[in-house]
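Residue strings, one per chain:
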Amino acid sequence: AQKITQTQPGMFVQEKEAVTLDCTYDTSDQSYGLFWYKQPSSGEMIFLIYQGSYDEQNATEGRYSLNFQKARKSANLVISASQLGDSAMYFCAMSRMDSNYQLIWGAGTKLIIKP
Amino acid sequence: DAGVTQSPTHLIKTRGQQVTLRCSPKSGHDTVSWYQQALGQGPQFIFQYYEEEERQRGNFPDRFSGHQFPNYSSELNVNALLLGDSALYLCASSLRQTAKETQYFGPGTRLLVL
């Protein structure tokens, strides 16, 4: 069965430092997508970055990059130069392309940026 | 470009009642998915609608039902509410048959069942 594991329940990071949020996944599918979303206390789930299983290069979106290691089944999110506004819950998710792209979610990591 | 909208934002119901939540997808999107997020947990997939039909369903009982309208908007209905149905309900929209099928989420509806 497909599964997403986020092993860091919470993290404290000093402002302006880089931070890496861990995500490992388990799937027997050949074709899948990996996503990271940010959820502030307001509740809205904000899309950050996407990596396709056949993409050879790591995805980047501004200060966000995804460190994709297919053989290890990991998809870590890297946030460069963290800001106070980055404090939020972060979720890793995987879509099954043979299942109408249903998203399977990890338990999330609560990131707190310290001034 | 309007994003995903949901209504109402908050709702309080009592056990046994029925509730209807509404979602309008992002402009240009044709697929709507619903998720339930209990406090402190990741979202759980309820079901997905495309072309006015339920295309995929998660592990939720038949008390949870939905509908998609010709304008792609969607409703989630929950009958015979239980205390355990208290959660944040998230609606996401996407465009079918795009390489990424990225889902964009609305602000959610917070449901409290007393």
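Scoring rules and cut-offs
Residues numbered from 1 in each chain as written. Chains lettered and ligands numbered in written order. Predicted model: local features only at pLDDT ≥ 70, side-chain atom pairs only at ≥ 80, totals over all residues. Heavy atoms only, no water. Disulfide = S-S within 2.5 Å. Helix = DSSP H or I, 4+ residues; strand = E, 2+ residues; numbered from the N terminus. Buried < 20%, exposed > 50% of the residue type's maximum accessible area, 1.4 Å probe, protein only. Contact = heavy atoms within 4.5 Å. Salt bridge = Lys/Arg side-chain N within 4 Å of Asp/Glu carboxyl O. Polar contact = N/O pair within 3.5 Å; in protein donor to acceptor, adjacent residues only side chain to side chain. Nonpolar A, V, L, I, M, F, W, Y, C, P; charged D, E, K, R; others polar. Core = buried A, V, L, I, M, F, W, Y, C linked by side-chain atoms within 4.5 Å.

Peer 1: Is there a simple way to explain the state of the cysteines in this structure?
Peer 2: Residues and elements named next belong to chain A. According to the stated counting rule, one finds two disulfides over all chains in the structure shown. Note on cysteine connectivity: Cys23 is disulfide-linked to Cys92, with sulfurs 2.0 Å apart. Judged by the torsion about the S-S bond (-60°), the Cys23/Cys92 disulfide is left-handed. Of this pair, Cys23 sits in the loop between strand E3 (19–21) and strand E4 (24–26) while Cys92 is found in strand E10 (residues 88–96), placing the two residues 69 residues apart along the sequence. For the pair Cys23 and Cys92, one class covers both residues: buried.

Peer 1: I keep staring at the environment of Gly43(A) and nothing clicks. Help me out?
Peer 2: In this fold, Gly43(A) is placed in the loop between strand E5 (32–39) and strand E6 (46–52). Take Gly43(A): its relative accessible area is 1%, and that puts it in the buried class. With 46 residues separating them in the primary sequence, Gly43(A) and Met89(A) have C-alpha atoms 9.4 Å apart. Apart from the residues within four sequence positions on either side, Gly43(A) is in contact with Leu88(B), Leu90(B), Pro107(B) and Arg110(B).

Peer 1: Sorry if this is basic, but what is going on with the interface of chain B and chain A here?
Peer 2: In many analyses, interface size is given as the accessible surface area lost on bringing the parts together. With 23 residues of chain B at the contact, the number on the chain A side is 20 residues. Counting the contacts that link chain B with chain A gives zero salt bridges. Summed over the shared surface of chain B and chain A, the result is four residue pairs in polar contact (both at pLDDT 80 or more). Listing elements by their share of the side of chain B that touches chain A, those giving two or more residues are strand E4 (31–37), strand E5 (44–50), strand E6 (53–57), strand E9 (87–94) and strand E10 (104–105) of chain B. Within the side of chain B that touches chain A, the residues separate by chemical class into nine nonpolar, nine polar and five charged.

Peer 1: Looking at this structure, how should I read the nonpolar core?
Peer 2: If you look at the biggest cluster of nonpolar residues, it comprises 26 residues, and the most contacted ones within it are Tyr25(A), Trp36(A), Ile49(A), Leu77(A), Tyr90(A) and Leu111(A). For this core, the secondary-structure elements that each account for two or more residues are strand E2 (10–14), E3, E5, E6, strand E8 (64–69), strand E9 (74–79), E10 and strand E12 (109–114) of chain A. The leading source of residues in this core is E10(A), at four residues. If near-sequence neighbours (up to four positions away) are discounted, Tyr90(A) is found in contact with Gln6(A), Leu21(A), Trp36(A), Tyr37(A), Lys38(A), Leu48(A), Leu77(A), Ile79(A), Gly108(A), Thr109(A) and Leu111(A). Counting residues in each nonpolar core, the second largest holds 20 residues, with Val19(B), Val32(B), Phe60(B) and Val113(B) among its members.

Geometry only, nothing functional implied.
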